[in-house]
Amino acid sequence: VFLEEGTDGALYYINYSPTGGQVQRITFNAASPPVIDSTSVVDDQGDPNDLTGQSPLVVTCTATVSDADTPPDQLTYEIDFGDGTVATGPPDPVTGELSVQNTYASEGAYNALLSVSDDGFASGATFAPAVEITVGDPNDPPEFQSVTSDLLFPDPGDSVTFTAFVTDADIDDPPE
């Protein structure tokens, strides 16, 4: 019936009933979310900082995770590799480390996403930034550099000519 902040910063409310009332306190559960301490994604075809290669491309995702109030064996990771493959499981019960390989069979651009959850943490999972992995030589879309027309305010039925200049990163010598 009545809600007020106390001098300690907590919320208090009064609950009236026919048999008497109660003053109750709303408390915060200070459970901490899991933490992704480190991540790494490397491919099997060269430079670990260049996640591109020809198909099939094998990548290895590694991470170390922790939680201040949950042992590592009670955490669960999920890696969505972006190609329909999802790997799940607990990290190493002592170190919190995980290592998962995935083979990308088709050319394309994929986003790999790691999340770690703690069943006791009510708001869900902790996410690492997505990692873009490019397999093969993707067909980049052309980019419009400029578009013009011969009429600014045409009337219904008027013929309008549009002129566009387009570049394409996949063509070494673009037509003029």
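Up top is the structure these notes are about.
Below, the structure is looked at part by part. (Residues numbered from 1 in each chain as written. Predicted model: local features only at pLDDT ≥ 70, side-chain atom pairs only at ≥ 80, totals over all residues. Heavy atoms only, no water.)

**Description of the overall build of the protein chain**
- Along the protein chain, the regular secondary structure elements total 0 helices and 14 strands.
- Starting at the N terminus and walking to the C terminus, you meet the elements of the protein chain as β-β-β-β-β-β-β-β-β-β-β-β-β-β.
- Taking the contacts inside the protein chain whose residues are at least 6 apart along the sequence as the reference set, 48% of them involve residues at least 24 apart.
- Accessible area of the protein chain: about 11,900 Å², with a carbon and sulfur share of 52%. (Helix = DSSP H or I, 4+ residues; strand = E, 2+ residues; numbered from the N terminus. Contact = heavy atoms within 4.5 Å. Areas by Shrake-Rupley, 256 points an atom, 1.4 Å probe, with all protein chains shown as cover.)

**Some thoughts on the packing of aromatic side chains**
- Counted under the stated rule, the structure contains 2 aromatic pairs.
- What links up through ring pairs into an aromatic cluster is the set Phe 81, Tyr 104 and Tyr 110. (Phe/Tyr/Trp six-rings, centres within 6.5 Å; stacked < 30°, edge-to-face > 60°.)

**Concerning the pairing of strand S3 (residues 22–26)**
- Sheet topology places strand S2 (residues 11–15) next to S3; 5 bridges connect them, and they run antiparallel. Note on S3: the bridge partner recorded for Ile 14 is Val 23.
- Counted between consecutive antiparallel strands, the loop separating S2 from S3 contains 6 residues, among which Gly 20 sits at a positive phi close to 130 degrees. (Pairing = 2+ DSSP bridges.)

**A word on the environment of Leu 75**
- Mapped onto the elements, Leu 75 comes out in strand S7 (residues 75–80).
- Residue contacts for Leu 75: discarding those within four places in its chain leaves Pro 34, Val 65, Ser 66, Asp 67, Thr 70, Gly 89, Pro 90, Pro 91, Val 116, Ser 117 and Asp 118.

**Quick notes on the sheet that holds S2**
- Taken together, 3 strands build an open sheet; the order of strands is S1-S2-S3 and the sheet is antiparallel. The sheet terminates laterally at strand S1 (2–5) and S3, the two strands that pair on one side only. Within the sheet, the average angular offset between the axes of one strand and its neighbour, ignoring direction, is 25 degrees. (Axes fitted to C-alpha atoms, helices over the stretch in contact; angles between N-to-C directions.)

**Remarks on the environment of Asp 150**
- Looking at the element boundaries, Asp 150 is found in the loop between strand S13 (143–149) and strand S14 (162–167).
- Judged by its relative accessible area of 49%, Asp 150 is partly exposed.
- Here the alpha-carbon distance between Asp 150 and Thr 161, two residues 11 residues apart in the chain, equals 5.7 Å.
- Beyond its immediate chain neighbours, meaning those up to four positions away, Asp 150 contacts Ser 159, Val 160 and Thr 161.
- Of note is the side chain of Asp 150, whose polar atom sits 2.9 Å from the backbone nitrogen of Thr 161. (Buried < 20%, exposed > 50% of the residue type's maximum accessible area, 1.4 Å probe, protein only. Polar contact = N/O pair within 3.5 Å; in protein donor to acceptor, adjacent residues only side chain to side chain.)

**Structural notes on the nonpolar core**
- Formed by 22 residues in total, the largest nonpolar core has its most connected members in Ile 79, Phe 81, Tyr 104, Leu 114 and Ile 133.
- Among the secondary structure elements, those contributing two or more residues to this core are strand S4 (35–43), strand S6 (57–66), S7, strand S9 (97–104), strand S10 (108–118) and strand S12 (131–135).
- Considering every element that reaches this core, the biggest residue donor is S6, with 5 residues.
- Apart from the residues lying within four places of it in its own chain, the contact partners of Leu 114 are Ile 36, Thr 39, Ala 63, Tyr 77, Glu 78, Ile 79, Thr 126, Phe 127 and Ala 128. (Core = buried A, V, L, I, M, F, W, Y, C linked by side-chain atoms within 4.5 Å.)

**Focus on the pairing of S7**
- Alternating positions in S7 separate cleanly, Leu 75, Tyr 77 and Ile 79 being buried on one face and Thr 76, Glu 78 and Asp 80 remaining unburied on the opposite face.
- Bridge analysis of S7 against S10 gives 6 bridges, and the strand direction is antiparallel. Its bridge partner being in S10, Glu 78 is matched across the sheet by Ser 115.
- Looking at chain direction, S7 and strand S8 (residues 86–89) are connected through 4 bridges and run antiparallel. When the sheet's bridge partners are listed, Tyr 77 is paired in S8 with Gly 89.
- Here S7 hands over to S8 after 5 residues, with Gly 82 in that stretch at a positive phi of 85 degrees.

**Some words on a negative patch on the surface**
- Side chains of Glu 107, Asp 137, Asp 140 and Glu 143 sit close together on the surface and give a patch of like negative charge.
- Residue placement: Glu 143 occurs in strand S13. (Patch = residues over 30% accessible without salt bridge, like charges linked within 9 Å, V, L, I, M, F, W, Y side chains within 5 Å. Salt bridge = Lys/Arg side-chain N within 4 Å of Asp/Glu carboxyl O. Lys, Arg positive; Asp, Glu negative; His and termini not counted. Charge placed at Lys NZ, Arg CZ, Asp CG, Glu CD.)

Purely spatial values, then, with no claim about function.
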